[in-house]
Amino acid sequence: MNVEQLWIAGHHVNWETGEPDMPESKQGIKTHCSAFAAAACERLNIYILRPPQHGQVLLANAQYNWLNSYSSINQGWQKLTDNGNLFIKAQQLADDGKVVVAVCKNTIYSKPGHIALVMPSDRSETTLINEGPCIIMAGTHNFNYISLIKAFKSHITSWPSHEIDFFVHDVPTQVN
């Protein structure tokens, strides 16, 4: 999806493509993690809350609320429960080809949360426990591969974080 060159912070972007689309805009120009997650899911024919059902501003917080609602269950999403190895479980599901998102909501309503997708990886169990799963994300900086701890460092208060929820889409997907 070329995330390292698209969905660039500081530009208003088309949420589906990540291309800058309104150079004169002063709104919706911060970061685009939620737009990237929505575009990635859309390309896989998976619904996650996205424009036009919700604007790009504070979309990650809205996605967090939506994923934690009954509406997401109807769309095939399941929350992963923490039974002591949540990071290992999330990584294993991504390694098995499932779509897994990591998301946190900002406790300050006017501040953005964060959302990213877990990527397949051959991380060791020790690395998973210490750094979390491998993530692809848009944000202040965009990454094809980054650890969960680094990807969410400005959105959590402690590590390991209980502020980050994981959801798996458990319905077979088909790429557009």
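So, here's what we can say about the structure. (Residues numbered from 1 in each chain as written. Predicted model: local features only at pLDDT ≥ 70, side-chain atom pairs only at ≥ 80, totals over all residues. Heavy atoms only, no water.)

Some details on helix α4 (residues 86–95)
Rules: Burial classes: relative accessible area under 20% of the type maximum marks a residue as buried, over 50% as exposed, and values in between as partly exposed (1.4 Å probe, protein chains only). Helix and strand definitions follow DSSP, with helices as H or I runs of at least four residues and strands as E runs of at least two, each counted in order from the N terminus. Directions pointing from the helix axis toward each C-beta atom define the arc. The criterion used for residue contact is that any of the two residues' heavy atoms lie within 4.5 Å.
Among all positions in α4, only L86, F87, A90, Q91, L93 and A94 are buried. Summarising the axial view, the buried residues of α4 lie within an arc of 160 degrees, below the 170-degree limit, and thus occupy one face. Packing partners of the buried residues in α4 comprise β2 (99–104), β3 (114–118), α5 (125–131), β4 (134–137), α6 (148–151) and β6 (165–169). One or two positions beyond α4, positive phi appears at G97, with a value near 95 degrees.

Looking at the sheet that holds strand β5 (residues 143–147)
Rules: DSSP calls a pair of strands paired once it identifies at least 2 bridges connecting them. Axis lines are fitted to C-alpha atoms, over the contacting stretch for helices. Their N-to-C directions set the angle, which ranges from 0 to 180 degrees.
Taken together, 6 strands build an open sheet; the order of strands is β1-β6-β2-β3-β4-β5 and the sheet is antiparallel. Because the sheet does not close on itself, it has two edges, and the strands there are β1 (77–79) and β5. Averaged over all pairs of adjacent strands, the angle between strand axes in this sheet comes to 35 degrees, irrespective of strand direction. Relative to β6, β2 runs antiparallel, the two sharing 5 bridges. Paired with A102 across the strands is F166, a residue of β6. Across the sheet, helix α2 (residues 59–67) lies against β1, β2, β3 and β6, angled at about 115 degrees from β2, the strand it touches most.

Thoughts on the pattern of salt bridges
Applied cut-off: Any Lys or Arg side-chain nitrogen located within 4 Å of an Asp or Glu carboxyl oxygen qualifies as a salt bridge.
Counting across every chain of the model gives 3 salt bridges. The salt bridge involving K98 is made with D170; its shortest N-O contact spans 3.0 Å. In this pair, K98 is assigned in the loop between α4 and β2 and D170 in the segment after β6, connecting sequence segments 72 residues apart. Overall, the relative accessible area of 31% leaves K98 in the partly exposed class. By relative accessible area, D170 is classed as partly exposed at 36%. R123 is the partner of E131 in a salt bridge, and the nearest nitrogen-oxygen pair spans 3.6 Å.

Things to note about unusual backbone geometry
Backbone torsion omega between P51 and P52 reads 5 degrees, so that peptide bond is classified as cis. On the secondary structure map, P52 appears in the loop between α1 (33–43) and α2. One non-glycine residue, N2, lies in positive phi territory at about 60 degrees. As for its position among the elements, N2 is in the segment before α1.

Quick word on the pairing of β5
The sheet contact formed by β4 and β5 spans 3 bridges and is antiparallel. Bridged to C134 within β5 is S147. Counting the residues that bridge the hairpin from β4 to β5 gives 5 residues.

Honestly, that's just the spatial picture; any functional story needs more than this.
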